[in-house]
Protein chains: 2
Amino acid sequence: MTDRKEVVIIGGGFGGLKAAKRLTGLDVDVKLIDKKNHHTFQPLLYQVATAVLSPGEIASPIRRILSRSKNVEVVLGEVKTIDAEANTLFLRDGDEINYDYLIVAAGARHSYFGNDDWEVSAPGLKTVEDAIEIRRRVLLAFEVAEREAILTGTHEPLNFVVIGAGPTGVELAGAIAGIARVALANDFKAIDTGQARVILIEGGDRVLNTFSEDLSARAKQDLEDLGVEVLLNSFVNEIAPGKVKAGEEWIDTSVAVWATGVSASPLGAQLQDEVDSAGRVTVNRDLSVPGSENVFVIGDMARFEQSDGSLVPGVAPAAIQMADTAARNIRNDLEGKERGEFEYHDKGSMATIGRSKAIVEAGRLKLTGFIAWLAWLFVHVLLLVGFKNRLTVVAEWFWAYLTRERSARLITGGSIELEPALKFLKPKADL
Amino acid sequence: MTDRKEVVIIGGGFGGLKAAKRLTGLDVDVKLIDKKNHHTFQPLLYQVATAVLSPGEIASPIRRILSRSKNVEVVLGEVKTIDAEANTLFLRDGDEINYDYLIVAAGARHSYFGNDDWEVSAPGLKTVEDAIEIRRRVLLAFEVAEREAILTGTHEPLNFVVIGAGPTGVELAGAIAGIARVALANDFKAIDTGQARVILIEGGDRVLNTFSEDLSARAKQDLEDLGVEVLLNSFVNEIAPGKVKAGEEWIDTSVAVWATGVSASPLGAQLQDEVDSAGRVTVNRDLSVPGSENVFVIGDMARFEQSDGSLVPGVAPAAIQMADTAARNIRNDLEGKERGEFEYHDKGSMATIGRSKAIVEAGRLKLTGFIAWLAWLFVHVLLLVGFKNRLTVVAEWFWAYLTRERSARLITGGSIELEPALKFLKPKADL
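As the structure is a prediction and not an experimental result, all values here were calculated from the model. (Residues numbered from 1 in each chain as written. Chains lettered and ligands numbered in written order. Predicted model: local features only at pLDDT ≥ 70, side-chain atom pairs only at ≥ 80, totals over all residues. Heavy atoms only, no water.)

Draft legend 1. Expanded view of the sheet that holds strand β1 (residues 5–10) of chain A. Residue and element names in this part refer to chain A. Within the open sheet, the six strands sit side by side as β5-β2-β1-β9-β21-β20. Their pairing is mixed. At either margin of the open sheet sits one strand with a lone partner, and together these are β5 (72–76) and β20 (288–289). Pairing analysis gives three bridges linking strand β9 (residues 101–104) to strand β21 (residues 292–297), with the strands arranged parallel. What sits directly across from V104, in β21, is V297. Helix α9 (residues 316–334) contacts β1, β2 (28–34), β9 and β21 of the sheet and is inclined by roughly 170° relative to β9. (Pairing = 2+ DSSP bridges. Helix = DSSP H or I, 4+ residues; strand = E, 2+ residues; numbered from the N terminus. Contact = heavy atoms within 4.5 Å. Axes fitted to C-alpha atoms, helices over the stretch in contact; angles between N-to-C directions.)

This is the structure in structure tokens:
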């Protein structure tokens, strides 16, 4: 047994989990290390941020997902250092773990392009904690306004600003507009929640720019129908508590959310001297790191140029496909076979806009409106396979859809200091 | 409209909510003030602490519960001062609210009998945040042990200590034993979670001492069958990070929970010079405060002696019945009728022990075992009326029951610093 190879996987996202499952049953010992105990189903994180779903419904314990993988152990820990020459990595508290093979799938965080102080005023949405914090701010903003209106007869305007019109930004803006106009409307008596402004700011000239132009235009129209104001060609160049500067204009802001710019895990820079501007490691055709053939980098951390010159996008299907290739290449090594090259199969993409609209593009297939939303729903239910709670998630969705209710409207954590109205834009609590 | 009386209710627990509902439609304007945006269904809080239910399933937005009460406004805020002579109260940030009638239903917190520094090492269970923190510690303890076992081959013993064998303590101890022996057993590969000790420490000579002696004895037996060690006549006289001193013995402790001692909201002391040792206000027969007949104190904050000399217990049904009396007495005032006196109707009590056992006592009726658990289940489902999610809660319960799964096993917040093993017993995060 002592000659069994040790494989270490860093990260329990889509890529890391898939790699662990692909290595299950092989003649290797696998350790999967993550700093969270749970896998987060990121495509639905915006539904936690907007109080439709509970955190537990989109997060599942990693060790439960892998409980039947007898040769996979799950370790809760944060990797600080990778010594690729010594085939060793170190956890934050100094614990040392050796490996024969390493698969690095530590993902990405949002990037503030050097303005990290903006995060306090405009948090991003990558983790369950992020989602709880955004939910807290959004719900508190309405509470603050209601209290102000009850006690003084008037209130500061409610302005929600979402920065970046990629899928996350579009989904968030649509969902916040939905909260304001429908879900909360009957519960607030002193304010008219429907008067809240939702402003989506995008530096490019269209929303969802990975889709074709006509779908972008349709998505913009759908957003505007929901009451979202879409500002295109507009760059945010300053953010301060309670305000966001877009171009030359300061916008008073109750809650701002950062939904643009990602930056790969800093672990990449330990593997390659020159990572790209997004922090990604340029990998070999077999996904290994040049100079460290026993180390693979996959998912959002990997920079892989396709034969047409375009980069593989940082999406869940790409991470899953890369995990497949990396695991297969380890098996090939063990079996004395030649490694295979990675090839990305784009199965299309989809984004949802509000409660019942979406856009879908797969090759020549283009869907919009309700039918696209049904397709989106169907695919995401399928993707939830492996999650024990996929039935309850669907039940919650349909409940929200039918009743226009928000079931998870919980403000937890932080303080409820409300005076001045924007005081709650304080540094993010250690949630 | 200007001569409509203003009624202010402090607290959105069982008492405050019931009072608001009873005042709905009367010729008064009502403001309900709470420092949380949600009502917490406390009887099921231990199920959040032990990862069976999600926080959103046992908490519901107060303003949604009262959305149809047109003459009731909900204010998110923390009352700091009551000036009963001026009929005015002040919120934490200085906002001032006047009233004609005041109903104080601010409940109780746990009391450490002057040792408030114990809370860091042994948090209590009164709020959703408390439950999330206890869940975090319990789940982390298993993670720490697993990681230690993977990296070193051995691990520190897992000892869970629950202090106080009232209903909350008994429910928690039973549920933690259930987690260790069943729910987590298959997911951990390096440790045997069933070896974890669960120790329930009680100062009195039996568990659940508000029940008759034979039921107490049965509950103790049920607990021991689940693997809980019950220490009776044992006083905790010191608590430090990682250890609890019971009598003369120090017990190494992975996680400690405080489930004994309650102390009424400090607002009571602003209404009466001499509150009792538990901080309660001694109220008149009509539940008003001597000297301030327009102020009512109800629920856990009220000390009310019954004709047989016993005190009304601090339980949800008593709070609800008191709310009824206080609201009716306000209506009587408005209608020029005489006020009525409060009378407590004890409908019996129940406590659950682990996954499928309970005890029930109502007058001469005594139930134990599975049939008592079914009765407990039935009553709590009924009690959840008014909660939109009572169906999903029941669905989650049955899922947990059938699959022995834990659906809400999320560690959020705090840090995952694990070295030394007990380092996570750090001051409670600002959740």
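Right, picking up where we left off after that structure.
Draft legend 2. Structural context of the side chain of H39 of chain B. Residue and element names in this part refer to chain B. Within the secondary structure, H39 is located in strand β3 (residues 38–40). By relative accessible area, H39 is classed as buried at 2%. Polar contacts involving the side chain of H39 include one to the main-chain carbonyl oxygen of G12, which spans 2.8 Å. (Buried < 20%, exposed > 50% of the residue type's maximum accessible area, 1.4 Å probe, protein only. Polar contact = N/O pair within 3.5 Å; in protein donor to acceptor, adjacent residues only side chain to side chain.)

Draft legend 3. Quick peek at the packing of aromatic side chains. All chains considered together, the criterion is met by 16 aromatic pairs over all chains. With centroids separated by 6.0 Å and ring planes inclined at 45°, the aromatic side chains of F142 of chain B and F188 of chain B adopt a geometry described as tilted. Of this pair, F142 of chain B sits in helix α5 (residues 128–152) while F188 of chain B sits in the loop between α6 (167–183) and β12 (197–201), placing them 46 residues apart in sequence. As far as burial versus exposure is concerned, F142 of chain B and F188 of chain B are alike and both buried. Grouping aromatic residues by their ring pairs yields a cluster made of Y112, F113, W118 and W258 of chain A. When the ring centre of W250 of chain A is taken as reference, the NZ or CZ atom of K243 of chain A above it lies at 4.8 Å. (Phe/Tyr/Trp six-rings, centres within 6.5 Å; stacked < 30°, edge-to-face > 60°. Lys NZ or Arg CZ within 6 Å of the ring centre and 35° of its normal.)

Draft legend 4. Summary view of the pattern of salt bridges. All told, the structure shown has 50 salt bridges over all chains when counted by the stated rule. The closest approach of N and O atoms between R109 of chain A and E119 of chain A, which form a salt bridge, is 3.4 Å. Pair noted here: R109 of chain A is in strand β10 (residues 108–110) and E119 of chain A is in helix α5 (residues 118–121), with a separation of ten residues, a long-range link. Owing to a relative accessible area of 32%, R109 of chain A belongs among the partly exposed residues under this scheme. When its relative accessible area of 25% is taken as the criterion, E119 of chain A is described as partly exposed. As a salt-bridge pair, R280 of chain B and D276 of chain B come within 3.0 Å of each other at their nearest N and O atoms. Across the pair, D276 of chain B and R280 of chain B agree in class, each one buried. Residues joined in a network through salt bridges with shared partners are R4, D27 and D29 of chain A. (Salt bridge = Lys/Arg side-chain N within 4 Å of Asp/Glu carboxyl O.)

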